[in-house]
2 protein chains.
Amino acid sequence: MNDIQPPYIKIQDAHCAHDKRVSCGNCRLNTICLPISLHLDDIDRLNNIVQRGKPLQKGEYLYRAKDTFDSVYAIRSGAVKAVSISETGNEQVTGFYLPGEVVGLDGLASDIYTNSVIALETSSVCEIPFNRLEELSLQIPTLQRHFFQLMSREITQEQQIITLLGKSSAEARIASLLLSISARNGRRNLSTNNFILPMSRTDIGNFLGLTIETVSRIFTRLQKNKVIAVDKKEIVITDMDSLQVIAKGTD
Amino acid sequence: MNDIQPPYIKIQDAHCAHDKRVSCGNCRLNTICLPISLHLDDIDRLNNIVQRGKPLQKGEYLYRAKDTFDSVYAIRSGAVKAVSISETGNEQVTGFYLPGEVVGLDGLASDIYTNSVIALETSSVCEIPFNRLEELSLQIPTLQRHFFQLMSREITQEQQIITLLGKSSAEARIASLLLSISARNGRRNLSTNNFILPMSRTDIGNFLGLTIETVSRIFTRLQKNKVIAVDKKEIVITDMDSLQVIAKGTD
DNA sequence: CGCTGAATTGACTACCCTCAACATGAGTGG
DNA sequence: CCACTCATGTTGAGGGTAGTCAATTCAGCG
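All of these numbers come straight from a predicted model, not from anything done at the bench. (Residues numbered from 1 in each chain as written. Chains lettered and ligands numbered in written order. Predicted model: local features only at pLDDT ≥ 70, side-chain atom pairs only at ≥ 80, totals over all residues. Heavy atoms only, no water.)

Enquirer: Explain the interface of chain B and chain A here, please?
Expert: How large an interface is tends to be reported as the accessible area lost when its parts come together. At the interface, 41 residues of chain B touch 41 residues of chain A. When chain B packs against chain A, the two sides together hide about 4,000 Å² of surface, and 59% of this comes from carbon and sulfur. Interface area lost by chain B to chain A is led by Phe 148, Ile 155 and Ile 162 of chain B, which between them contribute 17%. Connecting chain B to chain A are two salt bridges. For the pair chain B and chain A, the interface holds 18 residue pairs in polar contact (both at pLDDT 80 or more). Residue assignment for the side of chain B that touches chain A shows that the elements contributing at least two residues are strand S5 (91-97), helix H3 (130-139) and helix H4 (141-166) of chain B. Its residues placed into classes, the side of chain B that touches chain A shows 14 nonpolar, 17 polar and ten charged. (Contact = heavy atoms within 4.5 Å. Buried area = accessible area lost by both parts, 1.4 Å probe. Salt bridge = Lys/Arg side-chain N within 4 Å of Asp/Glu carboxyl O. Polar contact = N/O pair within 3.5 Å; in protein donor to acceptor, adjacent residues only side chain to side chain. Helix = DSSP H or I, 4+ residues; strand = E, 2+ residues; numbered from the N terminus. Nonpolar A, V, L, I, M, F, W, Y, C, P; charged D, E, K, R; others polar.)

This is the structure we're talking about:
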């Protein structure tokens, strides 16, 4: 129970989450964003190329679509969303990224980012210049392997989102999103039943292909059915089993 | 006009598309699936690790979800679909892959494939053993770079699918799929207006999150509106501009 | 020739979107 | 302290799009 935060204490308020002086070697998140298998010396070499800037404030851009690509970023605290803007100007949220997760992998393909990344709350990130990472990957085979795996994981996760959007029910989509956030909190040793949503209803709706009204209605319905308790952005999962059944769909 | 096939002649029936003796150096598709920037010697080294087996028949599996990962595959002729199966047994088509495109990148993340890949018609593939590719990438920096880019392209394409599924209209989804296939045919110097759909209506519906009936209705509606002409699997785009407007959505 | 699977078309229904009104809370300035 | 605005979220009523169920057509094939 030592580092599980009650949900009303924001994660990023924990004492050292924004501390620039954290190194990869002693970062709490290194089992998530780093290869566990890296040799200690190699972790140091990676740590040396990582740049840690000042935290982003809510609403600030980490980078914008069409910016020239030069770095990937590991989220260290807070939360961000990735947004792609279609030719018609419509925004589409393509993903939410929590601490330990990496954004910017979309930029490699054509040397410019295809998404914009925006902070949902005060967030700090580790910038990893890609050409440095690329050089290092040639020298450290396990780092190359790890980076391949990181990108592959992004691919499989996006395929899960495609599967999610393919299935019809709005209730199932919301349930899946809640379970996803719950599981990702679990990986960071935070409560899986009890957390603060970092994103707005609008962002949730945009991400899941639903309107804000539908999102709101589903939340109240799930609450009526005693599956979750909602208080603004605070979520308590009161019936995990039911939520999983709903996420899988009733067909 | 020399290698553009009329649409009623199936692509894979072209004289040498299934020929095992094609090498990476003289393959028509190498500008798509290979780094154009590779040195000739390096292309040879890559060619030496590529394995070309006998063609897959329609319905045959290239690999199955949960098989151990050891190779990625470039499609040389024909077409395949990637399918992920959820815990409830529901199938979800996560993508269609045409000649020059690469499948299997989902397998790196956890050493097993997360999708199954199934031939939609007679198809031949180039198998690229991943550990050999990995070694070679350490020796040829531009190959490492290319492979990173290949994975990044997969990520951005899947984000486009997420955007597609996020927007509401069924008509827009179908229009986008047609335009996608059209553009990919264009890259291979095939007709962009005039092609055979390799997949069934069921697959299209599954991929786009629509029922087969809706897919059918949209096709007939687009035909009534003189945007396309449909004859079973043969598509003729008669009004490309309108199709693009529909794909972007009328909002 | 009948069988099977794929596709089309129609009638009806349900879910979600649209439009609208209202509630809540944060921030600002009087 | 209150009034005001603005952004965000909730709730309600009604309509439209796509799903469901069902019948029919069509092509391929033993």
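Don't stop here, the text continues.
Enquirer: Would you mind going over the packing of helix H3 (residues 130-139) of chain A against H4 of chain B with me for this structure?
Expert: For any two helices packed against each other, one specifies the inter-axial angle together with the distance between the axes. At a closest axis distance of 11 Å, the pairing of H3 of chain A and H4 of chain B adopts a crossing angle of 120°. Classified by the angle their axes make, H3 of chain A and H4 of chain B are oblique. Crossing hand, H3 of chain A versus H4 of chain B: right-handed. Contact residues: H3 of chain A offers Phe 130, Glu 134, Ser 137 and Leu 138 of chain A, while H4 of chain B offers Pro 141, Gln 144, Arg 145 and Phe 148 of chain B. Of the residues in the contact of H3 of chain A with H4 of chain B, the class split is four nonpolar, two polar and two charged. (Axes fitted to C-alpha atoms, helices over the stretch in contact; angles between N-to-C directions. Parallel < 35°, antiparallel > 145°, perpendicular 65-115°, else oblique. Left-handed = near helix turned anticlockwise from the far one by under 90°.)

Enquirer: Explain the relation of the copies chain B and chain A here, please?
Expert: What connects the two chain copies is a rotation about an axis and a shift along it. With an axial shift of 0.1 Å and an RMSD of 0.0 Å, the rotation relating chain B to chain A amounts to 180°. Put plainly, the chains are arranged around a two-fold axis. Taken as a fraction of all interface residues of chain B, those also at the interface in chain A reach 100%, which identifies the copy contact as same-surface. (Least-squares fit on C-alpha atoms with pLDDT ≥ 70 in both.)

Enquirer: Would you take a moment to explain the packing of aromatic side chains for this structure?
Expert: Geometry of an aromatic ring pair is reported as the spacing of the ring centres plus the angle between the planes. Residues and elements named next belong to chain A. One pass over the full model with this rule turns up 17 aromatic pairs over all chains. The interplanar angle of 45° and the centroid separation of 5.9 Å between the aromatic rings of Phe 130 and Phe 147 together place this pair among those described as tilted. One end of the pair, Phe 130, is in helix H3; the other, Phe 147, is in helix H4 (residues 141-166), with 17 residues separating them in the sequence. The buried category is assigned to Phe 147, whose relative accessible area is 4%. Positioned above the aromatic ring of Tyr 61 is the side chain of Arg 64, whose terminal nitrogen or guanidinium carbon lies 3.6 Å from the ring centre. (Phe/Tyr/Trp six-rings, centres within 6.5 Å; stacked < 30°, edge-to-face > 60°. Buried < 20%, exposed > 50% of the residue type's maximum accessible area, 1.4 Å probe, protein only. Lys NZ or Arg CZ within 6 Å of the ring centre and 35° of its normal.)

Enquirer: Explain the pairing of strand S7 (residues 116-119) of chain A to me, please; I cannot follow it from the model alone.
Expert: Remark: a regular strand shows side chains that alternate across the two faces of the sheet. Residues and elements named next belong to chain A. Neither face of S7 is left uncovered, since the one carrying Ser 116 and Ile 118 and the one carrying Val 117 and Ala 119 both have all their residues buried. The pairing of strand S2 (residues 61-63) with S7 spans two bridges and is classified as antiparallel. Bridge pairing in S7 links Tyr 61 to Ile 118. Here strand S4 (residues 80-85) runs beside S7; their pairing, made up of four bridges, is antiparallel. Opposite Val 83, over in S7, you have Ser 116 as the bridge partner. (Pairing = 2+ DSSP bridges.)

Enquirer: Is there a simple way to think about helix H6 (residues 201-208) of chain B in this case?
Expert: Residues that lie three or four places apart on an α-helix share one face, since the helix turns once every 3.6 residues. By the burial criterion, the buried members of H6 of chain B are Asp 203, Ile 204, Gly 205, Phe 207 and Leu 208 of chain B. Contact partners of the buried residues in H6 of chain B: strand S4 (80-85), S5, H4, helix H5 (170-187) and helix H7 (212-224) of chain B.

Enquirer: I'm lost on the protein's contact with DNA strand D in this one. Help?
Expert: In the vicinity of DNA strand D lie 17 residues, with Ser 216, Arg 217 and Thr 220 of chain A together with Ala 170 and Thr 214 of chain B positioned nearest. What you see for DNA strand D is that sugar and phosphate hold 62% of its atoms within 4 Å of the protein. In the model, a phosphate oxygen of DNA strand D is placed 2.9 Å from a nitrogen or oxygen of the Ser 216 of chain A side chain. Taking Thr 211 of chain B, its side chain carries an N or O atom lying 3.0 Å from a phosphate oxygen of DNA strand D. Contributions of two or more residues to the surface near DNA strand D are made by helix H6 (201-208) and helix H7 (212-224) of chain A together with H7 of chain B. Grouping the constituent residues of the surface near DNA strand D by class yields two nonpolar, nine polar and six charged. (Near = heavy atom within 4 Å.)

Enquirer: Just checking my understanding: could you explain the protein's contact with DNA strand C for this structure?
Expert: Surrounding DNA strand C, one finds 17 residues, the nearest of these being Ala 170 and Thr 214 of chain A together with Arg 201, Ser 216 and Thr 220 of chain B. In DNA strand C, the atoms that sit within 4 Å of the protein are 62% sugar and phosphate, with bases accounting for the remainder. In the environment of DNA strand C, a phosphate oxygen lies 3.4 Å from a nitrogen or oxygen atom belonging to the backbone of Gly 209 of chain A. Within the side chain of Arg 201 of chain B, one N or O atom sits 2.9 Å away from a phosphate oxygen of DNA strand C. Among the elements of the structure, H7 of chain A together with H6 and H7 of chain B are those that each provide at least two residues to the surface near DNA strand C. For the surface near DNA strand C, the element with the most residues is H7 of chain B, which contributes four residues. Looking at side-chain class alone, the surface near DNA strand C contains two nonpolar, nine polar and six charged residues.

Enquirer: Before we go on, may I ask you to explain the environment of Lys 58 of chain B in this structure?
Expert: All names here are of chain B. Within the fold, Lys 58 resides in the loop between strand S1 (51-52) and strand S2 (61-63). According to the relative accessible area criterion, Lys 58 is exposed, its value standing at 61%. Here the alpha-carbon distance between Lys 58 and Gly 78, two residues 20 residues apart in the chain, equals 9.3 Å. Residues within four places of Lys 58 in sequence aside, it is in contact with Ala 119, Leu 120, Glu 121 and Thr 122.

Enquirer: Please clarify how the environment of Phe 69 of chain A should be interpreted in this entry.
Expert: All names here are of chain A. As for its position among the elements, Phe 69 is in the loop between S2 and strand S3 (71-77). When its relative accessible area of 10% is taken as the criterion, Phe 69 is described as buried. Residues Phe 69 and Pro 129, 60 residues apart in the sequence, show an inter-C-alpha distance of 9.4 Å.

Enquirer: Just to check I follow, could you spell out the sheet that holds S5 of chain B for this structure?
Expert: Think of a sheet as strands paired side by side through backbone hydrogen bonds, with each pair either parallel or antiparallel. All names here are of chain B. If you walk across this open sheet you meet the four strands as S2-S7-S4-S5, and the pairing is antiparallel. Each edge of the sheet is formed by a strand with only one pairing partner; in this case those strands are S2 and S5. Taking each pair of neighbouring strands and ignoring which way they run, the sheet shows an average axis angle of 30°.

Enquirer: So what exactly am I meant to see when it comes to the pairing of strand S11 (residues 234-237) of chain B here?
Expert: Residues and elements named next belong to chain B. Going residue by residue along S11, you find Ile 235 and Ile 237 tucked away on one face and Glu 234 and Val 236 left uncovered on the opposite face. Relative to S11, strand S9 (residues 194-196) is paired through three bridges, and the arrangement is antiparallel. Bridging from a neighbouring strand, Phe 195 pairs with Ile 235 of S11. Sheet topology note: the strand S10 (residues 228-231)/S11 ladder contains four bridges and is antiparallel. When the bridges of S11 are listed, Ala 229 appears paired with Val 236. The turn linking S10 back onto S11 is made up of two residues, and Lys 232 within it adopts a positive phi angle of 55°.

The analysis is restricted to geometry; functional conclusions fall outside its scope.
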